[in-house]
Each structure stands twice: as structure tokens, then as C-alpha cells.
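This is what each chain is made of:
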Amino acid sequence: MQQLIAGNWKMHGLTGQLPLIEAICRASARSPADILICPPFTLIARAAEIAAGRIAIGGQDCAITETGPCTGDVSAEMLKDAGATAVILGHSERRHHHGETNAVVFAKAQAAAEQGLSTIICIGETQGQRIAGAALTVCAEQIAGSVPSQSHSSRLVIGYEPLWAIGSGVVPSADEIVEVHRHIRACLIAHIGAEALNVRILYGGSVNPSNAASILRLPEVGGALVGGASLAVTEFASVIQAVPCQQNRS
Ligand code: PEP
């Protein structure tokens, strides 16, 4: 399975940062991985124009409905119209700052799938849940509640992002990552059937040039979801370069 390196720019990026898209396209030209950048809504159309299919451009959220009186919302169809081919859904910052429940994420995933967008559905436990030994249960509940059961593997990606690792510089141990990724695979198989065998499960949370190679070699890790390190081309390029060739995977 080809790995996916996805950059989540969050609420960073003005038109002055658009040259970064060209630089990332060049840095990823010979990469064995698929590359996706999810800039803020305001930059999607221009980023897609610059990328011109060399890398994918995605959104960071979409609305449940297609059109209507939803001030401030952006639909999946609008993302597609702007040139996006993918969307991040259920990021912990949406779940926690905007009260998005599993049911909301599920509805958004259905809306995105109807438009043919690839979805990266994010799941992951809080620090308290990990300490309480509930990490696997939380991930199982989030998969069961957020992932539409008729999802197709080519358009579904799971982002495992423990909240305590996001932006903290702390990453789980290799054993912890593998344990959760294996559990996610098993939950997905129970939920969507054999399709789940081809779903990429990304690790996200403080991925950077110094830890990317060891994380990306772990079994069941299908790539990385990168926040902070996707905002600087040298850092993001190093993460891309850390993608192992298929024969070097654990
Ligand atoms: C994220 O929030 O999706 C993320 C992975 O952030 P960071 O890489 O900065 O921890």
C-alpha cells in the first residue's frame, strides 16, 4: 500500500505562503508516497491551481448539508468545486472546540463521499483516557460512530491522532502506535469488512524530521498526518524523504 503524507495547515496560511505549495510539489516529485496538503479554505482554489495534480489538495472540514441557509459553512461540493479531492473530518480540534460528535463526523463523511472526496477521519484518545487504559475503547467507539459502514477503501483514510501528542512534541512509543493501529485495523474489518484491509491508517501527532523515519516504518502505519512540520518546506520535505520504500517496511 502506498503511504500518504498529509499536511494539515490548520488556521495558518495567507496568499504569501502559496509558494510553499510549489516548493512541496518539487520536494515530493520522486516520492514513493501520495502527498496531500490541506490549507485553509481561502487558499484551496489557488493551491489546487499551483499543484496542478502533482500533489492533492484537501479541505480541513466540510458541512453536513450540500447547500442552504448555513452561514459560514462550506459544503463538500464547494470543496470539490474549488479543486479539493480530499477532506480531513473529525479532527480533535473540531471535535473539542466545535462540539463535533461521532454522529456529526459520520454525516460529514457521508456528504464528502457523495461528492467523491477522499476522507481522512480522525480519531484518538485524550491523555486522561490513555492513563485510564481506555485508548483502544475510545478508538473503537469513534470508528463505529464516525465511519460510514459502506466506505470504500480507496476513499477512506483513518488518522490516529492521540490528543496528547498533537503539537506537544511528545509521541507514543513504537509499541503503543503499533498496538493502536492493529486495533484500528481490527475494528475497521468488523465495521466495513474486507475493504478495511486496504485502508491507510495514518499516525498523527508531533511528526517531525527526526521521528518520521522510525514511525513510518512501523507495521500498520500507512503514512502520517502532519501539522506544524507541514508549514516549513524543509521540515515537510524531510518527512516526505523519510517514507520507506515498500521493501524496507517492518
Ligand atoms: C494535527 O493536529 O493534525 C497534527 C498532527 O499536529 P502536529 O503535527 O503539529 O502535532
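Okay, so let's go over this structure. (Residues numbered from 1 in each chain as written. Predicted model: local features only at pLDDT ≥ 70, side-chain atom pairs only at ≥ 80, totals over all residues. Heavy atoms only, no water.)

Among the 14 residues in the neighbourhood of the ligand, the closest are listed as K10, H91, E161, G167 and S206. K10 is positioned such that a nitrogen or oxygen atom in its side chain is 2.5 Å from an oxygen atom of the ligand. Note that an oxygen atom of the ligand is positioned 2.7 Å from one of the backbone N or O atoms of S206. With the chains in place, 95% of the 290 Å² that the ligand exposes on its own is no longer accessible. Tallied by class, the residues present in the shell around the ligand amount to 4 nonpolar, 7 polar and 3 charged. (Near = heavy atom within 4 Å. Polar contact = N/O pair within 3.5 Å; in protein donor to acceptor, adjacent residues only side chain to side chain. Areas by Shrake-Rupley, 256 points an atom, 1.4 Å probe, with all protein chains shown as cover. Nonpolar A, V, L, I, M, F, W, Y, C, P; charged D, E, K, R; others polar.)

On to the nonpolar core. Residues I5, I21, I57, I158, I184 and L188 are the most contacted members of the largest nonpolar core, which totals 61 residues. In terms of residues, this core owes the most to one element, helix α8 (residues 174–192), which gives 7 residues. For I21, the residues in contact, after removing those within four places along its chain, are W9, I37, A47, I50, A51 and I57. In this structure, I88, C122, L202 and L225 belong to the second largest nonpolar core, which totals 11 residues. (Core = buried A, V, L, I, M, F, W, Y, C linked by side-chain atoms within 4.5 Å. Buried < 20%, exposed > 50% of the residue type's maximum accessible area, 1.4 Å probe, protein only. Helix = DSSP H or I, 4+ residues; strand = E, 2+ residues; numbered from the N terminus. Contact = heavy atoms within 4.5 Å.)

Looking now at the layout of surface pockets. Considered as a void within the structure, the largest pocket measures approximately 610 Å³ in volume. If you trace the largest pocket, you find 24 residues lining it, with F41, Q60, D61, R94 and H98 closest to the centre. Of all the secondary structure elements, the ones that give two or more residues to the lining of the largest pocket are α2 (41–51) and α4 (92–97). Residues of the lining of the largest pocket, tallied by class, amount to 9 nonpolar, 9 polar and 6 charged. Lining of the second largest pocket is provided by 20 residues; of these, L4, D34, I35, L36 and A56 occupy positions nearest its centre. Of all the secondary structure elements, the ones that give two or more residues to the lining of the second largest pocket are β2 (34–38) and β5 (118–123). (1 Å grid on protein atoms, 1.4 Å probe; cavity = no way out; pocket = protein on both sides within 12 Å on 5 of 7 lines; lining within 4 Å. Points joined across faces, edges and corners; volume = space filled by probe spheres on them.)

What follows deals with the packing of helix α1 (residues 19–27) against α2. Packing of α1 against α2 leaves a shortest axis separation of 9 Å and a crossing angle of 35°. As for how α1 packs across α2, the hand of that crossing is right-handed. Of the residues in α2, those touching α1 at I21, E22 and C25 are A47, I50 and A51. Of the residues that constitute the contact of α1 with α2, the class distribution is 5 nonpolar, no polar and 1 charged. (Axes fitted to C-alpha atoms, helices over the stretch in contact; angles between N-to-C directions. Left-handed = near helix turned anticlockwise from the far one by under 90°.)

Per the counting criterion, the structure on display carries 1 cavity of 30 Å³ or more. Among the secondary structure elements, those contributing two or more residues to the lining of the largest cavity are α4 and β5.

The two faces of strand β8 (residues 223–226) match: G223 and L225 on one face and A224 and V226 on the other face are all buried. Pairing analysis gives 4 bridges linking strand β1 (residues 4–8) to β8, with the strands arranged parallel. Across the sheet, residue I5 finds its bridge partner in β8, namely A224. In the sheet, strand β7 (residues 200–204) pairs with β8 via 2 bridges, with the strands oriented parallel. Bridge assignment links Y203 to a residue of β8, and that residue is A224. (Pairing = 2+ DSSP bridges.)

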